[in-house]
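# Coordinates in review
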Amino acid sequence: METILFYAQLGFNHVLDFQALDHFYFIIALCLPFSFNDFKRLFWWVSLFTLGHTLSLFGNYYFEIILSAIWIEFLIPLTIALSCIPLIANIKSNFKTLFPFLITFVFGIIHGLGFGRYFSLIVSEEDVLTELLSFTLGIEVIQVCIVVGLLMLNFFVIKILKISSSKWQLIVGAMILSQALTMIAKSSPF
């Protein structure tokens, strides 16, 4: 039980690490245009992101997937920047297509590749599956908490403060995009 709690907390802290807020920014950019009416779909989106992340960790541990850290560290903020485009352009993603689901899954894989090497160093060989699933549980729980918190904030800003949804998305999207562009500039392989 101690192992499960340790790795669940590690997953929880991984998302809220102030030195690496890429998960946090991505989840905010993904969910900002939506309301509580969309919670079920958002839950599946976030879960697909987590699944992609987990598969990366699994693949990195068991199959030693070797990808250039330079490119992964560049692609992670690029996924965040791309997720900001609908916010700034005021485009609500279409739930009826598989495109947002596939993109979210692929972005989860990319983000997982960034953490894979470190994760491979800290897990024990005899309990790797338990540790991986516990870590994933921690990630999923905090991401769902972020979604709920964001939906509450959206309700407050849009319904109580009467700020238009498009203006709110533009402000937050621009803030996240500026952080993503800073991360891109710092990690650019070019």
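Scope of this entry: the structure provided in the associated data block. (Residues numbered from 1 in each chain as written. Predicted model: local features only at pLDDT ≥ 70, side-chain atom pairs only at ≥ 80, totals over all residues. Heavy atoms only, no water.)

### Section: the environment of Val128
Which entries qualify depends on this criterion: Counting from the N terminus, the helices are DSSP H or I runs at least four residues long and the strands are E runs at least two residues long. Any residue under 20% of the maximum accessible area for its type is buried, any over 50% is exposed, and the rest in between are partly exposed; the area is computed with a 1.4 Å probe on protein chains only. What makes two residues a contact is simply this: any of their non-hydrogen atoms within 4.5 Å.
With respect to the element layout, Val128 can be found in helix 6 (residues 128-160). Accessibility expressed as a relative area gives 6% for Val128, which makes it buried. The residues touching Val128, leaving out its near neighbours within four places in the chain, are Tyr61, Tyr62 and Val123.

### A few points about empty space enclosed by the protein
Here is the rule: The definitions used throughout rest on a 1 Å grid laid over the protein atoms alone, on which a cavity is an enclosed set of points accommodating a 1.4 Å probe that cannot get out and a pocket is an open set flanked by protein within 12 Å on both sides along at least five of seven lines; lining residues are those having an atom within 4 Å of a point. Grid points are joined across faces, edges and corners, and a volume is the space filled by probe spheres set on the points. Under the convention adopted here, Pro, Cys and the residues Ala, Val, Leu, Ile, Met, Phe, Trp and Tyr are nonpolar, Asp, Glu, Lys and Arg are charged, and Gly plus all remaining residues are polar.
Scanning the model with the defined rule gives 1 cavity of 30 Å³ or more in all. Looking at the largest cavity, its volume works out to about 40 Å³. Along its surface, the largest cavity is lined by Asn60, Ile65, Ile66, Leu67, Ile72, Leu113 and Arg117. A class-by-class count of the residues in the lining of the largest cavity yields 5 nonpolar, 1 polar and 1 charged.

That's the geometry; what it means functionally is another story.
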